[in-house]
Amino acid sequence: VQLQASGGGLVQPGGSLRLSCAASVNVHNFNVMGWYRQAPGKQRELVATITRRDGTTTYVDSVKGRFTISVDGAKNTMYLQMNSLKPEDTAVYYCNSRVYSGSRIFDSWGQGTQVTVSS
C-alpha cells in the first residue's frame, strides 16, 4: 500500500487548506483511515479518523468544528478540509490507513505534508 499526501502549504491565520491522501489500492480495503500531525518538538498526535464500515468520524478536540475528514471511494482518496486555521495547527500532517486482520494491525503511512499557519 502506498499513500501520497499533498495539499500542504503556507496560509494565514483564519485561512483554509485541503489536504489529500491518494491511495494506491481501493480504499474500501481499509478498516480505518486517518490524519495525524507532528509539530516540532512534539509527539505525533491523531487529528481525525474515518471508518470504512459506516463512515463514522472522530476528531481531536482542538480541531472539532474546523476540520472535516472525508473519503472519495471513486478516487481512492482521503481528504482533510481545514478551515479557520490557527498558528497551533502548524505541523507536518501524515495520512494513515489501517487494516485489522484477526489480532494483527497493518498500518501504512504517507510521506507527510507541511502545513504552516503564519501571518
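It should be noted that the structure appears before, not after, this text.
This is a predicted model, so every value here is computed, not measured. (Residues numbered from 1 in each chain as written. Predicted model: local features only at pLDDT ≥ 70, side-chain atom pairs only at ≥ 80, totals over all residues. Heavy atoms only, no water.)

Please give an account of the nonpolar core that cites residues and values.
Of all hydrophobic cores here, the largest spans 27 residues; its most connected members are Trp35, Val47, Phe67, Leu80, Met82 and Tyr93. Of all the secondary structure elements, the ones that give two or more residues to this core are strand E1 (3–6), strand E3 (17–23), strand E4 (32–38), strand E5 (45–51), strand E7 (67–72), strand E8 (77–82), strand E9 (91–101) and strand E11 (113–117). Here the element with the most residues in this core is E3; it accounts for 4 residues. (Core = buried A, V, L, I, M, F, W, Y, C linked by side-chain atoms within 4.5 Å. Buried < 20%, exposed > 50% of the residue type's maximum accessible area, 1.4 Å probe, protein only. Helix = DSSP H or I, 4+ residues; strand = E, 2+ residues; numbered from the N terminus.)

Account for the sheet that holds E3, with residues named and values stated.
A sheet is described by the order of its strands in space; here 4 strands give the open sequence E1-E3-E8-E7, paired in antiparallel fashion. Whereas interior strands pair on both sides, the edge strands pair on one side only; in this sheet they are E1 and E7. Looking at each pair of strands side by side, their axes are set apart by 15° on average, direction ignored. Where E1 and E3 come together, 4 bridges link them in antiparallel fashion. Directly across from Leu3, in E3, lies its bridge partner Ala23. (Pairing = 2+ DSSP bridges. Axes fitted to C-alpha atoms, helices over the stretch in contact; angles between N-to-C directions.)

Which residues make up unusual backbone geometry, and what values do they have?
Backbone geometry places Asn76, a non-glycine residue, at a positive phi of 50°. Take Asn76: it is sitting in the loop between E7 and E8. In the Ramachandran plot, Ser84 falls in the positive-phi region, its phi being about 50° despite a non-glycine side chain. Along the polypeptide, Ser84 turns up in the loop between E8 and E9.

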